[in-house]
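Below, each chain spelled out in residue letters.
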Amino acid sequence: MPWKNQGGGPWGQGPKGPWGGGPQSVGPRPPDLEDLLRRGQDKLQQLLPGGHFSGMGIALVLVGALAIWGLSGFFRVQSEELGVVLRFGKHVRTVDPGLNYHLPYPIETVLLPKALRVSTISIGMTLIDDPARRGRTMRDVPEESLMLTGDENIVDVDFTVLWRIKPNGVGNFLFNIQNPEGTVKAVAESAMREVIGRSNIQPILTGARNTTEQAVQDLMQKTLDQYGSGVQITQVQMQKVDPPTQVIDAFRDVQAARANLEQLQNEAQTYANRVVPDARGRGAQILQAAEGYKEQAVAEAKGQSSRFLKVYDEYKKAPDVTRQRIYLETMEKVLGGSEKLVYDGGNSAQSVVPYLPLSELTPRRPAPTTGQQQTGATR
C-alpha cells in the first residue's frame, strides 16, 4: 500500500517514513522570497518621512525616479562621430558633435557612427605582423591584385580607397548596408577590374594612372549611390602597377627597347627640325632669285621691244636715212673692236695698205649703252 510522507502514515503524524525517519534536506536552502520582500519594505519605510508609506513619500519616490529617467537622455557625441537619434527604431534626426539630448529609453535611442572620419581600405595588399622586423610588413594578395587588361595582358595592381560617410547619408549607411567596409572593398575591386579590362596595359603602366584612378572613383561612387549606401569615395590611389612577377624581367627588357626607340625617334626628329628649315630657306632663296631673273628678263624684253618700235616709227618717217644709220651703227659695233685693213680694190699687192690705228692714238670711247642707243635711234 502506498506510503505518504505528507499528512502522516500508519506510524504517526508528520513527515516520517516507515522506519521513523523523514526525508533529509541536502545542500543550501533557497532564499525565501517573502522574507526578502519584507526586509525591503522595512528599509524603504526607514528612508521615507514618518517611517511609513504616505502619499508624500510615494510622490517623492516617483519624482526622483522620473528625474533620473529624464536625465538619462543626455549623451555626448565625439569629434569624429554623428549622433543618429531613433524614436521607437525610426530615424528622426541627426545631431552634430557635442552634448545633446534625446527622449529617455525606450522612447528614443542614439547610435554614434564615426561619420566624420576618413577610412582607408587596401586592395591587393595586406599588413601582417613580422616578428623578425618587430613590426608589420606589407604582403601581396594575388587573388585581389591580378587583373586582365583589354589587350589580354595580366597586370598586378595594388591600390587604396579613401572613403567616408556622407553627412546627409548617415541613416542610409546604418540601415541600407550590413557590412559597409566589405561592401566598399567589393565595389572597389569590381570597379578597378572593369576599368582595367577596357584599357591597354601600356597606358596603365606609364601615363594613364590619373585617368584610371578618376574612372574607378566615378564608377565606385555611381555603384554605391545605386545601393543607397550613404558612402562617399574621396580618393583612389594606385600604389603599385606592375606586370606579374613571372614575366617582369622580360617586360623590363621590352620597356628598355621601347625607351631606346623613343630616343632614336627624338634624335631623328631633332635632325629633321634642323635640316628641313634649312632646306626650305634655300628653296625660298632659289625661288626668289628665279623670280628676280624672270622680272629682269621680262623688263629687258619689254625695253627691247619698245626700242624696236621707236626705231620702226623713225624708219617710217625717213626710211633711207634710218636704214643708212642703222647700217652704220651696226658696222660700228661689228668693226669697232677688231683689227682692220683697208683695201682700195686694185689688182696689185701694193694697193693693200695698213690701216692707221688712230684708235690707239686717241682715247677709245666707251661703247654706247642700250639707253643711249635708243636715244640716238630716236633722234
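> I would appreciate a short explanation of the overall build of the protein in the present structure.
Check the secondary structure of the protein and you find 11 helices and 13 strands. For the protein, the proportion of its 379 residues judged to be buried stands at 23%. Across the protein, contacts joining residues at least 24 apart in sequence account for 61% of those joining residues at least 6 apart. Surface accessibility of the protein: about 27500 Å² in total, with carbon and sulfur atoms responsible for 56%.

> What is the right way to read the packing of aromatic side chains from this model?
Remark: the centre distance and the inter-plane angle together describe each pair of aromatic rings, the angle taken between the planes. Summed over the entire model, instances satisfying the criterion amount to one aromatic pair. Taking 6.3 Å as the distance between ring centres and 35° as the angle between the ring planes, the aromatic pair formed by Trp 163 and Phe 173 counts as tilted. With Trp 163 in strand β10 (residues 154–165) and Phe 173 in helix α4 (residues 170–175), this residue pair connects regions lying 10 residues apart in the sequence. A relative accessible area of 6% means that Trp 163 is categorised as buried.

> So what exactly am I meant to see when it comes to the confidence of the model for the protein here?
Close inspection of predicted coordinates is inappropriate for parts of the model with low pLDDT. Mean pLDDT over the protein stands at 75; residues scoring 70 or higher make up 71%. Of the regions scoring below 50 in pLDDT, residues 373–379 engages in 12 contacts with residues more than four places distant in sequence or in other chains.

> Looking at this structure, how should I read the sheet that holds strand β3 (residues 90–95)?
Note: strands within a sheet are paired through backbone hydrogen bonds, in either parallel or antiparallel orientation. Pairing within the open sheet is antiparallel, and its three strands lie in the order β3-β2-β5. Single-partner strands in this sheet number two, and they are β3 and β5 (108–111). Between one strand axis and the next, the sheet turns through 30° on average, direction left out of account. Pairing of strand β2 (residues 83–87) with β5, which is carried by four bridges, proceeds in the antiparallel orientation. Pairing of Arg 87 across the sheet is with Glu 108, part of β5.

> Sorry, what's going on with the packing of helix α5 (residues 180–197) against helix α7 (residues 209–227) here?
Packed helices, taken two at a time, are described by the angle their axes make and the gap between the axes. At their nearest, the axes of α5 and α7 sit 9 Å apart, and the two run at 135° to each other. Taken together, the axes of α5 and α7 lie oblique to each other. Our pair here, α5 against α7, has a crossing hand that is right-handed. Contact residues: α5 offers Thr 183, Val 184, Val 187, Ala 188, Ala 191, Met 192, Glu 194, Val 195 and Ile 196, while α7 offers Thr 212, Ala 215, Val 216, Leu 219, Met 220, Thr 223, Leu 224 and Tyr 227. Per-class residue counts for the contact of α5 with α7 are 13 nonpolar, three polar and one charged.

> Would you mind showing me how to read the pattern of salt bridges here?
Side chains carrying opposite charge are able to pair once their charged atoms draw close together. Counted by the stated rule, this structure contains nine salt bridges. Asp 156 is paired through a salt bridge with Lys 240; the nearest N and O atoms lie 3.4 Å apart. Taken as a pair, Asp 156 in strand β10 and Lys 240 in strand β11 (residues 231–242) lie far apart in primary sequence, 84 residues in all. Residue Lys 240 is classed as partly exposed on the basis of its relative accessible area of 27%. The salt bridge involving Arg 323 is made with Asp 320; its shortest N-O contact spans 3.0 Å. Placement of the pair is Arg 323 and Asp 320 together in helix α9 (residues 319–335), with a separation of three residues, close to one helical turn. Through salt bridges that share partners, Asp 156, Asp 158 and Lys 240 make up one connected network.

> In this structure, what is going on with α5? I would like to understand it.
Three or four residues apart is the spacing at which side chains of an α-helix point the same way, because the helix has 3.6 residues per turn. Here α5 is 18 residues long and its end C-alpha atoms lie 26 Å apart, about the 26 Å a rise of 1.5 Å per residue gives. Among the residues making up α5, those that are buried are Pro 180, Val 184, Val 187, Ala 188, Glu 189, Ala 191, Met 192, Val 195 and Ile 196.

About the thresholds
- Residues numbered from 1 in each chain as written.
- Predicted model: local features only at pLDDT ≥ 70, side-chain atom pairs only at ≥ 80, totals over all residues.
- Heavy atoms only, no water.
- Helix = DSSP H or I, 4+ residues; strand = E, 2+ residues; numbered from the N terminus.
- Buried < 20%, exposed > 50% of the residue type's maximum accessible area, 1.4 Å probe, protein only.
- Contact = heavy atoms within 4.5 Å.
- Areas by Shrake-Rupley, 256 points an atom, 1.4 Å probe, with all protein chains shown as cover.
- Phe/Tyr/Trp six-rings, centres within 6.5 Å; stacked < 30°, edge-to-face > 60°.
- pLDDT = per-residue confidence, 0-100.
- Pairing = 2+ DSSP bridges.
- Axes fitted to C-alpha atoms, helices over the stretch in contact; angles between N-to-C directions.
- Parallel < 35°, antiparallel > 145°, perpendicular 65-115°, else oblique.
- Left-handed = near helix turned anticlockwise from the far one by under 90°.
- Nonpolar A, V, L, I, M, F, W, Y, C, P; charged D, E, K, R; others polar.
- Salt bridge = Lys/Arg side-chain N within 4 Å of Asp/Glu carboxyl O.
- Expected span 1.5 Å × (residues − 1).

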